[in-house]
Amino acid sequence: MTEHLPARLGLSQQFDCSYLADRQEQLLVILDHSCYNPSKFEQLLALGFRRSGDQIYRPHCPACSACKSVRVLAQEFLPTKSQKRKLNKAKKTFRVKYSDQQHPEYFPLYSKYITERHQDGSMFPPDQSQFDSFILCHWLPITFIELWDQNKLVAVAVTDCMHNAISAIYSFFDPDYEHYSVGTIMILEQIKFAKHYEKEFVYLGYQIDECAKMRYKTQFLPAQNRVAEQWLAI
């Protein structure tokens, strides 16, 4: 199957990869403004693209192909026994809320998450303007899936919404609640959201087998990887 890419594309400079220490990363960036709407973006998701802030991109590294897009078949998904146990444990403590706008509680929670868990990453030290430019988008509806422990915000999953799919942009949570497997819970909540609104796919971004912290995305099945311009079952 031949890809139908927009006519106007840009290629970033090479820079240190955020996930594999010995690699250089390069990005293919969409420059065609007609692509910056939910319908066209959904088509680009199926071609392996993502968004960061208002920009649409995908990896285009000359010497590496480690990043593989992954999407869950939402309507066919069934949680494993382990995932069911985590959900049941969470139900006793948390409640889930949806919001279509960012709230002031988000950045302090994000700041704590980055500071305690990702000091070795490109997002440290946390910064409000960097957070906004990464999370928010002016041309696409976003749903913020929130996890609350009574009156305390515990986690947020930033979720892009299209006609037939949702895309998991980023999740952050209070590290004090890590023993609840909050990262897993938030993906399960996104899949639940997709099921409820009859979406076919939940795009989870890029799976990188060589990076331990990126292997978790294969735990939500059935799912597909995009390999050699085709979506294949994991």
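The rules behind each value
Residues numbered from 1 in each chain as written. Predicted model: local features only at pLDDT ≥ 70, side-chain atom pairs only at ≥ 80, totals over all residues. Heavy atoms only, no water. Helix = DSSP H or I, 4+ residues; strand = E, 2+ residues; numbered from the N terminus. Contact = heavy atoms within 4.5 Å. UniProt positions renumbered as here; feature names shortened; annotations may be inferred. Buried < 20%, exposed > 50% of the residue type's maximum accessible area, 1.4 Å probe, protein only. Pairing = 2+ DSSP bridges. Phe/Tyr/Trp six-rings, centres within 6.5 Å; stacked < 30°, edge-to-face > 60°. Core = buried A, V, L, I, M, F, W, Y, C linked by side-chain atoms within 4.5 Å.

Novice: Just give me the short version of the side chain of aspartate 149, but keep the residues and values in it.
Specialist: Looking at the secondary structure, you find aspartate 149 in strand 9 (residues 142-149). If we ignore the near neighbours within four places in the chain, the residues touching aspartate 149 are Thr93, Phe94, Val154 and Tyr177.

Novice: Summarise the UniProt feature "domain: N-end aminoacyl transferase N-terminal" (unreviewed entry) in the chain; cite the residues concerned and give the values.
Specialist: The UniProt entry lists residues 16-85 under the feature "domain: N-end aminoacyl transferase N-terminal" (unreviewed entry), expressed in the numbering used here. What you have in residues 16-85 is 19% helix and 30% strand, and the ends, taken at the C-alpha atoms, are 39 Å apart.

Novice: An account of the pairing of strand 6 (residues 55-59) is requested, with residue identities and associated values reported.
Specialist: Within strand 6, 4 of the 5 residues are buried, which leaves it mostly tucked inside the rest of the structure. In the sheet, strand 4 (residues 27-30) pairs with strand 6 via 3 bridges, with the strands oriented antiparallel. If you follow valine 29 over to strand 6, its bridge partner there is tyrosine 57. Two successive antiparallel strands, strand 5 (residues 50-52) and strand 6, enclose a turn made up of 2 residues, where glycine 53 displays a positive phi of approximately 65°.

Novice: Can you break down the packing of aromatic side chains residue by residue, with the values?
Specialist: Counted by the stated rule, this structure contains 20 aromatic pairs. Ring centres of tyrosine 110 and phenylalanine 172 lie 5.7 Å apart, and the angle between their planes is 85°; this geometry places the pair in the edge-to-face category. With tyrosine 110 in helix 3 (residues 106-117) and phenylalanine 172 in strand 11 (residues 165-173), this pair connects stretches of sequence that are 62 residues apart. Judged by relative accessible area, tyrosine 110 falls into the buried class, the value being 0%. Overall, phenylalanine 172 belongs to the buried group, its relative accessible area being 1%. An angle of 50° between the planes, with centres 4.8 Å apart, marks the rings of phenylalanine 193 and tyrosine 197 as tilted. Under the relative-accessibility criterion, phenylalanine 193 is labelled buried at 6%. In textbook terms, an aromatic cluster arises when at least three aromatic residues are bridged by ring pairs, as seen for Phe107, Tyr110, Tyr113, Phe131, Phe134, Tyr170, Phe172 and Phe173.

Novice: How would you sum up the environment of methionine 162? Please name residues and give values.
Specialist: Examined against the element boundaries, methionine 162 turns out to sit in the loop between strand 10 (152-161) and strand 11. Dropping the residues within four chain positions of it, methionine 162 is found in contact with Pro38, Phe41, Glu42, Leu45, Leu140, Ser167 and Lys199.

Novice: Please provide a residue-by-residue account of the nonpolar core, values included.
Specialist: Judged by nonpolar contacts, the single largest core of 68 residues is most densely connected at Tyr170 and Phe172. Of all the elements, helix 5 (residues 182-196) adds the most residues to this core, at 8 residues. Grouped together as the second largest cluster of nonpolar side chains are 6 residues, Cys17, Leu20, Cys211 and Met214 included.

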